[in-house]
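Structure at a glance
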Amino acid sequence: MSSKSIHIVSTTAVPVDIENVDTDQIIPARFLKATSRDGFGENLFRDWRYNSDGAPKKEFVLNDLSYKGKILVAGKNFGCGSSREHAAWAIKDAGFDVVISSFFADIFKNNALNNFLLPVTVSEGFLKEIFTAVKSDPSTLITIDLPGQTITLEPAGRKEQFDINNYKKTCLLNGYDDIDYLLSIRSEIESFKPANF
């Protein structure tokens, strides 16, 4: 099993209860000079997270040590704005494997899936339940079952199904990027190759 693969994620969560979060808020443009995916996590939500002198803003949730975990819970219309892939890089590099929202911008959603970050879309009502539960008790567990395509809010056991493209699901379960996937079905591809090719 690849270290990039995702099967079941059961962890506490960090709630960012803000709607219409765009990619410039996720990772400001001035940090896009690097081409490596490493190091972007420290600047995730930079302008919300730190003052201009670099001091952490105590009121921002990522600076509240009560909240931790591999799941980021976000408001509706998360990842809107520019198509920068760095937004997914920053969230993944900050230690998150899953982002939950009631709606994701399409380009962000695809970038997330391509970078082993699972976007889970839930109903608006269920998203409100999750925010309420996590804010009232930061130790609240959320379980994401990718094989079964379910999200469960523990301990009450409230559950919803979520959709995911079958190809991307296969890639996430196996830790495959697009090239890895093609290599995994090499024998099948070769079996369709014409004899005189």
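Notes on the structure follow.

This paragraph deals with the sheet that holds strand S2 (residues 13-16). Here we have four strands laid out as an open sheet, ordered S2-S3-S4-S5, and parallel in their pairing. Where the open sheet ends on each side, the last strands, each with one partner, are S2 and strand S5 (118-121). On average, each strand axis in the sheet is inclined to that of its neighbour by 20 degrees, with strand direction left out of account. One ladder, built from three bridges, connects strand S3 (residues 71-74) with strand S4 (residues 98-101); its direction is parallel. Each residue of the ladder has a partner; that of Val73, found in S4, is Ile100.

All right, on to the packing of helix H3 (residues 86-93) against helix H4 (residues 106-114) then. Direction vectors running N to C along H3 and H4 enclose 50 degrees, while the axes themselves pass 8 Å from each other. On the basis of the axis angle, H3 is oblique to H4. Remark: the crossing between H3 and H4 carries right-handed chirality. Only Phe108, Asn111 and Ala112 of H4 make contact with H3, whose side of the interface consists of Ala87, Ala88 and Ile91. Broken down by class, the residue content of the contact of H3 with H4 amounts to five nonpolar, one polar and no charged.

Moving on, we get to the pattern of salt bridges. Taken as a whole and assessed by the stated rule, the structure comprises six salt bridges. A salt bridge links Lys135 to Asp17; the nearest nitrogen and oxygen atoms lie 2.6 Å apart. Taken as a pair, Lys135 in helix H5 (residues 124-136) and Asp17 in the loop between S2 and helix H1 (23-26) lie far apart in primary sequence, 118 residues in all. Lys135 sits in the partly exposed class, given a relative accessible area of 42%.

The rules we used
- Residues numbered from 1 in each chain as written.
- Predicted model: local features only at pLDDT ≥ 70, side-chain atom pairs only at ≥ 80, totals over all residues.
- Heavy atoms only, no water.
- Pairing = 2+ DSSP bridges.
- Helix = DSSP H or I, 4+ residues; strand = E, 2+ residues; numbered from the N terminus.
- Axes fitted to C-alpha atoms, helices over the stretch in contact; angles between N-to-C directions.
- Parallel < 35°, antiparallel > 145°, perpendicular 65-115°, else oblique.
- Left-handed = near helix turned anticlockwise from the far one by under 90°.
- Contact = heavy atoms within 4.5 Å.
- Nonpolar A, V, L, I, M, F, W, Y, C, P; charged D, E, K, R; others polar.
- Salt bridge = Lys/Arg side-chain N within 4 Å of Asp/Glu carboxyl O.
- Buried < 20%, exposed > 50% of the residue type's maximum accessible area, 1.4 Å probe, protein only.

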